[in-house]
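Per-entry structural report
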Amino acid sequence: KYPRAGRPNAVLDLGMIDASGGEPRWITWDNAKYPYLARVGWKPGSPATIVVLSREQMDLAVIALDGMKTLLTEHDDAWLNVPRPGSYNYAAGAPLWVGDKFLWTTERTGEWTLELRDAAGGVKQLPIPGLRTLLGVDGNAAIVEASTDVLHQDVWRVPLDGSAPTKLSSEPGVSTADVEHGVIILSTAREAGGRTTIAIRGDARHALPSVAEQPTLVPTTVFETVELAGRTHFTAITRPRSFDPHEKYPVLLKVDADPHLQMVEA
């Protein structure tokens, strides 16, 4: 619940209930310092974990609910982005446990970085340029969205041993994936139009056919850039088919409030 500007935050309770029923066990943390509960995650064999934030979103803590152990804290004098889940699998995102270790994504270095951490504080960075989102784990590798090209996005397999990542997507466009039970469902919105979806298990790939019709109408949308205050902003502009550059037209502008969300994509 977001409060109205200047008003107190909503007070949030977090409870755990046994699958067989019974009364909830209420979880408490330093709610005065961290009033925002950003994420709750749990998977069998690993501790339930929460991500909490200060109201100004300058301080963050990851806490294991078993013993209420703080696994890590972060601070930024300006703003902390919360590691977001994937496009499909909202149970993913960071932290994501792999046995007795967990994957974490952070902007501490100035760009998104993938880390493999343990509860004792050990950290190993896993190389992947242009990291965007942690989607899940497949065997001994993390599956992520990444691209150094602003308009495009690929899906990568990043080995947990620190060796070189492998790109799973192949078509130009915007790719994402869902990872579950040893299967990766990779979907690409193609720059050339249409969407392709494949299932990946190990080295085997199987195309999932689509019966969607391809529209005959070709959009007039074009990608353009605007230079503003020394930064390049990408825009996608759709003009009337009878557009006259000498005329003035009303403009409908669509943006998004999330500071890490990419609105303009190929």
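In what follows, the structure referred to is the one given above.
My aim in this report is to walk through the structure given alongside it, one point at a time. Everything numeric here is computed off the predicted structure, so don't read it as measured data.

1. What about the overall build of the chain?
A tally of regular secondary structure across the chain gives 0 helices and 20 strands. C-alpha atoms of the chain, sized along the principal axes, occupy 65 × 55 × 40 Å. Taking all 266 residues of the chain together, the buried fraction comes to 36%. Taking all contacts inside the chain whose residues are at least 6 apart in sequence as the whole, residues at least 24 apart take part in 33%.

2. Here we look at the sheet that holds strand β4 (residues 49-53)
Spatially, the 4 strands line up as an open sheet ordered β3-β4-β5-β6, and their pairing is antiparallel. Single-partner strands in this sheet number two, and they are β3 (36-41) and β6 (69-75). Sheet twist, expressed as the mean angle between neighbouring strand axes with direction ignored, is 15°. The sheet contact formed by β3 and β4 spans 5 bridges and is antiparallel. Within β4, the position partnered with Val40 by the bridge is Ile50.

3. Structural notes on the pairing of strand β15 (residues 173-180)
Of all 8 residues that make up β15, 6 are buried, and the element is covered over most of its length. Pairing of β15 with strand β16 (residues 183-190), which is carried by 8 bridges, proceeds in the antiparallel orientation. The residue bridging Ser175 from the neighbouring strand is Thr188, located in β16. Adjacent in sequence and paired antiparallel, β15 and β16 are bridged by 2 residues, among which His181 carries a positive phi angle near 55°.

4. Some details on the environment of Gly93
Turning to its location among the elements, Gly93 is positioned in the loop between β6 and β7 (96-98). On the accessibility criterion, Gly93 (1% relative accessible area) is buried. Each C-alpha atom, one on Gly93 and one on Leu135, is 6.0 Å from the other, the two residues being 42 residues apart in sequence.

5. Some points on the nonpolar core
Across soluble globular proteins, you tend to see nonpolar side chains buried next to one another. Core analysis: the biggest nonpolar cluster contains 28 residues, and Leu60, Leu103, Trp104, Leu114, Leu134, Ala142 and Val144 have the highest contact counts within it. Secondary-structure elements contributing two or more residues to this core are β4, β5 (59-64), β6, β7, β8 (101-106), β9 (113-118), β11 (131-138) and β12 (141-146).

6. Re the packing of aromatic side chains
For any two aromatic rings, the description comes down to two numbers: the centre-to-centre distance and the angle of the planes. Here the structure, examined in full by the defined rule, presents 2 aromatic pairs. Taken together, a centroid distance of 5.0 Å and an interplanar angle of 50° make the contact between Trp97 and Phe102 tilted. Take Trp97: its relative accessible area is 6%, and that puts it in the buried class. Overall, the relative accessible area of 0% leaves Phe102 in the buried class. For the cation-ring pair, Arg239 lies above Phe243, with the distance from its terminal atom to the ring centre recorded as 5.3 Å.

7. Some remarks on the pairing of β4
In terms of residue burial, β4 counts as a mostly covered element, since 5 of its 5 residues are buried. Neither face of β4 is open: one carries Thr49, Val51 and Leu53, the other Ile50 and Val52, and all of them are buried.

8. Details of the side chain of Ser175
Tracing the chain through its elements places Ser175 in strand β15. Assessed through its relative accessible area of 0%, Ser175 is described here as buried. A distance of 2.6 Å separates the side chain of Ser175 from the side chain of Thr188, its partner in a polar contact.

9. A few points about unusual backbone geometry
Even without being glycine, Met68 reaches a positive phi, approximately 50°. With respect to the helices and strands, Met68 occurs in the loop between β5 and β6. A positive phi angle is found at His181, which is not glycine, with a value near 55°. Counting through the fold element by element, His181 comes out in the loop between β15 and β16.

Conventions adopted
Residues numbered from 1 in each chain as written. Predicted model: local features only at pLDDT ≥ 70, side-chain atom pairs only at ≥ 80, totals over all residues. Heavy atoms only, no water. Helix = DSSP H or I, 4+ residues; strand = E, 2+ residues; numbered from the N terminus. Buried < 20%, exposed > 50% of the residue type's maximum accessible area, 1.4 Å probe, protein only. Contact = heavy atoms within 4.5 Å. Pairing = 2+ DSSP bridges. Axes fitted to C-alpha atoms, helices over the stretch in contact; angles between N-to-C directions. Core = buried A, V, L, I, M, F, W, Y, C linked by side-chain atoms within 4.5 Å. Phe/Tyr/Trp six-rings, centres within 6.5 Å; stacked < 30°, edge-to-face > 60°. Lys NZ or Arg CZ within 6 Å of the ring centre and 35° of its normal. Polar contact = N/O pair within 3.5 Å; in protein donor to acceptor, adjacent residues only side chain to side chain.

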